[in-house]
Amino acid sequence: QVQLVESGGGLVQAGGSLRLSCTDSGRTFSSYAIGWFRQAPGKEREFVSAISRSGGTTYYAGSVKGRFTIARDNAKNTVLLQMNSLKPEDTAVYYCGARGDGIVSSYMSYDYWGQGTQVTVSS
């Protein structure tokens, strides 16, 4: 079983950076592809980025491509999301999710979720 915990959110000015972490205390972290999603008030959960089990394949939403970078360290059971050039429209609760195989952009395809971390970007 995967137990995901997100951290690293906060308040930042537009143009600033944050680095989010998604960690798992279990022993099977490397068996899961990890996706980052975000949800703003009144909106559906939106795909941000995903990374394969090995870290060799990554995928980004068009709205964040070139600004966000996803990476993983399976030895530390951690996936990082480096967010640069943040915009007010990036404000949301960010969640990481895990699924058994393959990276997809549909949140319904992910089996395990963390509790989320708030990111607020002021203008």
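Predicted model only: the values in this text are computed from it and were never measured.

> What exactly am I supposed to notice about the overall build of the chain here?
A tally of regular secondary structure across the chain gives zero helices and eleven strands. Taken against the 2.2 N^0.38 rule, which gives 14 Å for 123 residues, the C-alpha radius of gyration of the chain at 13 Å falls within 12% of a compact globule. Of the contacts made within the chain by residues no fewer than 6 positions apart, 58% connect residues no fewer than 24 positions apart. Of the roughly 6200 Å² of accessible surface on the chain, a fraction of 46% belongs to carbon and sulfur atoms.

> How do you make sense of the pattern of salt bridges when you look at a structure like this?
Pairing between side chains of opposite charge can happen when the charged atoms of each approach one another. Counted according to the given criterion, the structure contains four salt bridges. Glu46 serves as the salt-bridge partner of Arg38, at 2.8 Å between the closest nitrogen and oxygen. A relative accessible area of 6% means that Arg38 is categorised as buried. Note that Arg67 is salt-bridged to Asp90, the shortest N-O span being 2.8 Å.

> Help me understand the environment of Gly62 in this model?
Within the element layout of this structure, Gly62 appears in the loop between β6 (58-60) and β7 (68-73). Residue Gly62 is classed as exposed on the basis of its relative accessible area, which comes to 70%. Each C-alpha atom, one on Gly62 and one on Phe47, is 9.8 Å from the other, the two residues being 15 residues apart in sequence.

> How should the nonpolar core be read in this particular structure?
Generally speaking, a soluble globular protein has its nonpolar side chains buried in company with each other. Membership of the largest hydrophobic core comes to 32 residues, with the highest contact counts inside it found for Ile34, Trp36, Phe68, Val79, Leu81, Met83 and Tyr94. Mapped onto this core, the elements with two or more residues apiece are β3 (18-24), β4 (33-39), β5 (46-51), β7, β8 (78-83), β9 (92-99) and β11 (117-122). Leu81 has contacts with Leu18, Arg19, Leu20, Trp36, Val48, Ser49, Phe68, Thr69, Ile70 and Tyr94, leaving out every residue within four places of it along the chain.

> For this particular structure, what's the right way to read the pairing of strand β1 (residues 4-7)?
Regular strands have side chains that alternate between both faces of the sheet. By the alternation rule, side chains of β1 split into Leu4 and Glu6, which are all buried, and Val5 and Ser7, of which none is buried. Examined bridge by bridge, β1 and β3 share four bridges and lie antiparallel to one another. Residue pairing for β3: Val5 is matched across the bridge by Thr23.

How each quantity is defined
- Residues numbered from 1 in each chain as written.
- Predicted model: local features only at pLDDT ≥ 70, side-chain atom pairs only at ≥ 80, totals over all residues.
- Heavy atoms only, no water.
- Helix = DSSP H or I, 4+ residues; strand = E, 2+ residues; numbered from the N terminus.
- Rg over C-alpha atoms; globule rule 2.2 N^0.38 Å.
- Contact = heavy atoms within 4.5 Å.
- Areas by Shrake-Rupley, 256 points an atom, 1.4 Å probe, with all protein chains shown as cover.
- Salt bridge = Lys/Arg side-chain N within 4 Å of Asp/Glu carboxyl O.
- Buried < 20%, exposed > 50% of the residue type's maximum accessible area, 1.4 Å probe, protein only.
- Core = buried A, V, L, I, M, F, W, Y, C linked by side-chain atoms within 4.5 Å.
- Pairing = 2+ DSSP bridges.

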